[in-house]
Amino acid sequence: MSSIALARKRFEEAPWQLWTSQLVAILRYELRRCLWMRRSIWIYLLALAPAGIIALHVMFNRHFDLPDDTQVLGGIFQFYYLRLGIFFGCMGLFTWLFRGEIVEKSLHYYFLSPVRRELLVIGKFLAGFIASSVIFVFSVWLCFVLTYAHFGPAGRAFIFDGPGLHHLLAYMGVTVLACLGYGSLFLALSLVFKNPILPGIVVLGWETFHAVLPSFLQKFSVMFYLKQLCPITIPPDGLMALFTVVAEPVSAWLAVPGLMCLSAAILVFACFRIRRTEISYLAD
Amino acid sequence: MTANNNAIVFDNVSKFYGEVLGVNRVNLSLPPGITSLVGPNGSGKTTLMNLMTGLVRPTQGNITVLGLTPDQPEEFFTRVGYCTQFDSFPKGITGYDFIYHSLKLRGRTHKQAHELAFEAMERLGISEAAHRRVAGYSKGMRQRIRLAQAIAHHPTVLVLDEPLNGLDPMARAESIALFEALGKEGLHVIISSHVLHEVDKISDQVVLMSYGYVVAEGQIHGVRSEVKEHPMQILVRCDNPSRLAARLFSQDHVVEAKLNSDGKGVLVRTRDADQFYLLLNRIVVDEDFALEAVAPADDDVNSIYQYLIRGGGGTV
């Protein structure tokens with residue numbers, strides 16, 4: 001039997017129904033944990049902090065200018081959400097998916113169930129991805145609404161007749177992609193390092209200063225892809241240029257699949273890694 | 001060692017944690033029934049169980065459970081249940097959810113998972129606490145909920161690491177009865193325990209471990225008869241123990257014959273139990289002794305453990 005025929009036979013004989021029901025069970029359980037655990041409170045605060053600040057600005061500031069506020073929102077998104085909020089939110093959420101179970105000494109229950117470990121990685125990743133996307137997409141939407149709602153007819157015209165709606169969709173899309181990229185990265189790091197905080201700081205450095213790296217290495221940065229998808233270009237002034245300049249831009253048609261491929265490669269690595277993982281809580 | 005689809009087979013298995021020895025060169029074939037792993041702390045009992053269930057991987061050698069390995073988790077863990085020593089649970093979970101979720105991972109429908117969860121909890125006598133958080137359970141209840149989770153899916157191999165820890169005497173007796181019943185149903189029940197006299201009562205075979213090595217294995221009586229350095233002790237109760245003691249002591253294979261502390265029997269130490277029983281039969285018939293009872297006095301896991309592991313100096 002040829003290798004293609006063998007692979008096809010294996011594919012057809014695989015217990016897809018069981019895998020699907022296992023995936024749903026993992027997803028439901030982990031999603032509940034991600035969204036409702038007490039540890040997630042700081043992630044909610046991290047996500048909603050800019051919305052709170054914008055709300056205060058709307059309430060107490062007398063001077064409003066739509067182009068200025070559009071630029072400010074773009075800055076909040078690029079400098080706060082992408083580089084801090086989503087980054088640290090995903091760090092907290094995704095590293096805890098496996099590391100948390102090791103700390104709580106409960107990972108062995110999964111390892112002793114008839115679930116392929118690769119499926120466990122996928123299930124936990126999807127739960128973290130959905131949870132982080134829901135939290136951050138909602139907070140970005142809230143920021144957007146608070147920024148433009150008080151402009152009245154001008155704000156409505158900007159959203160529905162101008163570029164506003166496109167901006168909103170782009171912000172939401174980039175947020176989802178950021179959760180995908182950072183999520184896969186932090187999940188894999190949590191399977192390699194006992195304390196993923198230090199490697200997390202290294203990643204933060206890499207993501208921040210990737211613009212000064214050779215163009216080949218830049219492609220291994222999540223921020224490289226995300227920056228080019230942002231709808232507002234922040235003027236490259238002084239040191240801030242380090243965060244905003246795109247040395248070799250690629251189109252959205254390459255940036256989105258590029259980030260997806262990077263995330264997929266990291267997840268494949270995580271799947272290989274978990275197959276070799278042993279339970280020795282004492283060592284952890 | 002050949003593949004065996006009805007046994008748990010360790011084929012030259014070693015496990016090292018860095019430079020620390022877990023177990024070394026273990027060759028075992030465990031048939032159905034109750035098998036006790038006995039040994040002091042750090043002897044490798046838990047490592048052996050973790051190896052069996054794939055929680056740790058062997059540095060060398062192969063392990064199969066009913067011909068399966070943990071690399072085929074769908075089939076393997078449908079047939080294996082493992083109650084570990086870790087007294088920990090996912091945060092905030094209730095007893096019912098704990099078992100229900102594990103059954104959902106096994107592909108059970110909501111109805112099946114619900115019924116099986118309650119069946120297991122009822123078997124362990126904790127169904128009344130089903131919807132309470134496990135964090136609020138007593139130690140004994142936590143032990144029982146873990147046991148319930150291990151048996152809920154009706155495994156054919158049940159691995160239990162110190163399952164009697166934290167249980168009160170009543171719960172211990174109930175758990176032992178449960179293990180005995182499962183063993184009689186044809187399951188492989190592998191138990192590690194340091195409560196030797198309780199394990200002794202129900203074990204079909206025993207594996208004695210020390211410093212990562214299997215010191216002895218097999219049926220308890222078989223293992224005992226092979227401990228040559230320590231003559232077997234047999235207690236004979238009869239109407240005239242001093243005359244019987246004098247009569248027995250004249251035999252070569254009888255090392256010692258002394259009156260029991262209550263004065264109603266003779267404690268005999270012999271190098272050849274079979275010869276001794278033949279001799280005893282003859283004496284009783286010829287000399288008209290009224291025999292009340294004859295029973296081995298050190299034919300149990302505890303004695304073998306003492307002889308082989310606690311510096312008794314025995315070898316098999």
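Every chain is numbered independently, its residues counted from 1 as its sequence is written. Lettering for chains starts from A, numbering for ligands starts from 1, and both go in the order in which the items are written. Only residues with pLDDT of at least 70 are given local features in this predicted model, and only at 80 or more are side-chain atom pairs given and counted; all residues enter the totals for whole chains, interfaces and linings.

Peer 1: Help me get a handle on the environment of Ala 14 of chain A, residues and values and all.
Peer 2: Secondary structure elements are taken from DSSP: a helix is a run of H or I of four residues or more, a strand is a run of E of two residues or more, and numbering for both begins at the N terminus. Here Ala 14 of chain A shows up in the loop between α1 (3-13) and α2 (16-36). A C-alpha to C-alpha distance of 40 Å links Ala 14 of chain A and Gln 228 of chain A, two positions 214 residues apart in sequence.

Peer 1: Talk me through the interface of chain B and chain A; I want residue IDs and the actual numbers.
Peer 2: With C-beta atoms placed from the backbone, a contact is any residue pair whose C-beta atoms sit within 7 Å. Contacts between chain B and chain A engage 23 residues on the former and 21 residues on the latter. Where the side of chain B that touches chain A is concerned, the elements lending two or more residues are α2 (73-79) and α3 (95-104) of chain B. Looking at which element gives the most residues to the side of chain B that touches chain A, the answer is α2 of chain B, with 5 residues. Each residue is assigned to one of three groups, with Ala, Val, Leu, Ile, Met, Phe, Trp, Tyr, Cys and Pro labelled nonpolar, Asp, Glu, Lys and Arg labelled charged, and all others, Gly among them, labelled polar. For the side of chain B that touches chain A, the residue count by class is 10 nonpolar, 8 polar and 5 charged.

Peer 1: Give me the lowdown on unusual backbone geometry, citing residues and values where you can.
Peer 2: All names here are of chain B. Positive phi, close to 45°, is recorded for Arg 25, a residue that is not glycine. Looking at the element boundaries, Arg 25 is found in strand β2 (residues 20-30). Put simply, a residue is buried when 20 or more other C-beta atoms lie within 10 Å of its own C-beta and exposed when 12 or fewer do; between those, it is partly exposed, and each C-beta is set from the backbone. Accessibility expressed as a C-beta count within 10 Å gives 13 for Arg 25, which makes it partly exposed. A positive phi angle is found at Leu 66, which is not glycine, with a value near 55°. Along the chain, Leu 66 turns up in the loop between β4 (60-65) and α2.

Peer 1: Got a sec to walk through the environment of Ser 40 of chain A? Specific residues and values, please.
Peer 2: All names here are of chain A. For Ser 40, the position within the fold is in the loop between α2 and α3 (41-60). Looking at Ser 40, the number of C-beta atoms within 10 Å reads 19, which means it is partly exposed. With 76 residues separating them along the chain, Ser 40 and Arg 116 place their C-alpha atoms 27 Å apart. If sequence neighbours within four positions are ignored, Ser 40 has contacts with Cys 34 and Leu 35.

Peer 1: Any details on the pairing of strand β13 (residues 291-296) of chain B? Residues and values, ideally.
Peer 2: Residues and elements named next belong to chain B. By the criterion of burial, β13 is predominantly exposed, with just 0 of the 6 residues buried. Strands are treated as partners if at least two bridges between them are detected by DSSP. Examined bridge by bridge, strand β10 (residues 232-238) and β13 share 5 bridges and lie antiparallel to one another. The residue bridging Cys 238 from the neighbouring strand is Leu 291, located in β13.

Peer 1: With reference to specific residues and values, describe the domain arrangement of chain B.
Peer 2: The split into domains, and so the bounds of each, comes from an automatic or database assignment of domains. For chain B, the assigned domains are domain 1 (8-221) and domain 2 (231-297). A straight line from the C-alpha centre of domain 1 of chain B to that of domain 2 of chain B covers 42 Å.

Peer 1: Tell me what's going on with the environment of Ser 263 of chain A, and back it up with residues and numbers.
Peer 2: Residue and element names in this part refer to chain A. Following the sequence through the fold, Ser 263 ends up in helix α13 (residues 252-275). Looking at Ser 263, the number of C-beta atoms within 10 Å reads 24, which means it is buried. Considering only alpha carbons, one finds Ser 263 and Arg 116, 147 residues apart in sequence, at a separation of 20 Å. Sequence-distant contacts of Ser 263, that is, excluding residues within four places in its chain, are made with Leu 180, Gly 181 and Ser 184.

Peer 1: Outline the sheet that holds strand β11 (residues 254-259) of chain B, listing residues and values.
Peer 2: All names here are of chain B. The 4 strands lie next to each other as β11-β12-β10-β13, forming an open sheet whose pairing is antiparallel. Both outer strands of the open sheet, β11 and β13, are each paired with one neighbouring strand and no more. In this sheet, adjacent strand axes meet at a mean angle of 20° when their direction is disregarded. Helix α9 (residues 241-249) rests against β10, β11 and β12 (265-270) of the sheet, and its axis sits at about 170° to β11. Sheet contacts for helix α10 (residues 273-287): β10, β11, β12 and β13; angle to β10, the most-contacted strand, approximately 15°. Comment: axis = line fitted to C-alpha atoms, over the contacting stretch for helices; angle = value between 0 and 180 degrees taken between N-to-C directions.

Peer 1: Lay out the pairing of strand β3 (residues 33-38) of chain B with the relevant residues and their values.
Peer 2: Residues and elements named next belong to chain B. Judged by how many residues are buried, β3 sits mostly within the fold: 5 of 6 residues are covered. As defined by bridge partners, β3 adjoins strand β7 (residues 188-192) across 5 bridges and the pair is classed as parallel. Along β7, the bridge assignment pairs Ser 36 with Ile 191. Pairing of β3 with strand β8 (residues 205-210) involves 4 bridges; the strand directions are parallel. When the sheet's bridge partners are listed, Leu 37 is paired in β8 with Val 207.

Peer 1: Just give me the short version of helix α5 (residues 139-151) of chain B, but keep the residues and values in it.
Peer 2: Residues and elements named next belong to chain B. One fewer than the residue count of a helix, multiplied by 1.5 Å, yields its expected span. Over its 13 residues, α5 extends 19 Å from the first C-alpha to the last, a length consistent with the 18 Å expected when each residue adds 1.5 Å. Of all 13 residues making up α5, 10 are buried, and the element is well covered by its neighbours. Listing the buried residues of α5 in full gives Met 141, Gln 143, Arg 144, Ile 145, Arg 146, Leu 147, Ala 148, Gln 149, Ala 150 and Ile 151. Structurally, α5 contributes buried residues whose contacts are with β5 (80-83), α3, α4 (110-123), β6 (157-161) and α6 (169-184).

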